[in-house]
Amino acid sequence: QVQLVESGGGLVQPGDSLRLSCVASGFTFSRNDMYWYRQAPGKQREFVARISATGGSTQYTDSVKGRFTISRDNAKKMVILDMNSLKPEDTAVYYCYVSSPWDYWGQGTQVTVSS
């Protein structure tokens, strides 16, 4: 079955960096676009970043452009989100997502940015 397991969240101060990882199994990872979403308390889940199956194309929500970088390692079946210059408004649970062909979500990893 499809499994997505995120890790790397934590409590950091504004301006700090974090690296989130998502390890995938149960589907042909190298043939699927991969996504990161996030959900802040009291808000709807929102798109953060997308990377194409080959890694040749990426897309970001405006609020993270220039600060976050999505990448992937198809040999390790892993998608990574490097987050720099973190802000308090980045505080959320971050989820890995794939549609293959149905929607699958990881369990999420908490990121808290606070001084």
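What you are looking at is a predicted structure, and each value in this text was computed from that prediction instead of being measured. (Residues numbered from 1 in each chain as written. Predicted model: local features only at pLDDT ≥ 70, side-chain atom pairs only at ≥ 80, totals over all residues. Heavy atoms only, no water.)

Visitor: With reference to specific residues and values, describe the environment of Val-113.
Guide: Relative to the elements of secondary structure, Val-113 occurs in strand 11 (residues 109-113). Through-space distance from the C-alpha of Val-113 to that of Gly-10 is 8.4 Å; in sequence the pair is 103 residues apart. With residues near it in sequence (within four places) discarded, Val-113 still touches Val-12, Gln-13, Pro-14, Leu-86, Lys-87, Pro-88, Asp-90 and Thr-91. (Helix = DSSP H or I, 4+ residues; strand = E, 2+ residues; numbered from the N terminus. Contact = heavy atoms within 4.5 Å.)

Visitor: Tell me about the nonpolar core, residues and numbers included.
Guide: Met-34, Trp-36, Val-79, Leu-81, Met-83 and Tyr-94 are the most contacted members of the largest nonpolar core, which totals 29 residues. At the level of elements, strand 3 (18-25), strand 4 (34-39), strand 5 (46-51), strand 7 (68-73), strand 8 (78-83), strand 9 (92-99) and strand 11 are the ones that each hand at least two residues to this core. What Met-34 contacts, discounting residues up to four positions off in sequence, is Leu-4, Phe-27, Phe-29, Ala-49, Arg-50, Ile-51, Ile-70, Arg-72, Val-79, Cys-96, Tyr-97 and Val-98. (Core = buried A, V, L, I, M, F, W, Y, C linked by side-chain atoms within 4.5 Å. Buried < 20%, exposed > 50% of the residue type's maximum accessible area, 1.4 Å probe, protein only.)

Visitor: For unusual backbone geometry, give the residues involved together with the corresponding values.
Guide: Omega for the bond connecting Ser-100 with Pro-101 falls within 30 degrees of zero, at -20°, which places this linkage in the cis form. Tracing the chain through its elements places Pro-101 in the loop between strand 9 and strand 10 (103-105). For Lys-77, which is not glycine, the phi torsion reads 55° and is therefore positive. Among the structural elements, Lys-77 can be located in the loop between strand 7 and strand 8.

Visitor: Explain the sheet that holds strand 7 residue by residue, including any values.
Guide: Where strands meet in a sheet, backbone hydrogen bonds hold them as pairs that are either parallel or antiparallel. Reading across the sheet, the 4 strands line up as 1-3-8-7 and stay open at both edges, with antiparallel pairing between neighbours. Edge strands, defined here as strands with exactly one partner in the open sheet, are strand 1 (3-7) and strand 7. Within the sheet, the average angular offset between the axes of one strand and its neighbour, ignoring direction, is 15°. When strand 3 meets strand 8, the two strands line up antiparallel, connected through 6 bridges. Residue pairing for strand 8: Ser-21 is matched across the bridge by Ile-80. (Pairing = 2+ DSSP bridges. Axes fitted to C-alpha atoms, helices over the stretch in contact; angles between N-to-C directions.)

Visitor: Could you give an account of the pattern of salt bridges, with specific residues and numbers?
Guide: For the structure shown, the criterion picks out 6 salt bridges. Across the pair Lys-65 and Asp-62 runs a salt bridge whose closest N-O atoms are separated by 3.0 Å. For Asp-62, a relative accessible area of 61% corresponds to the exposed category. Residues joined in a network through salt bridges with shared partners are Arg-38, Glu-46, Arg-67 and Asp-90. (Salt bridge = Lys/Arg side-chain N within 4 Å of Asp/Glu carboxyl O.)

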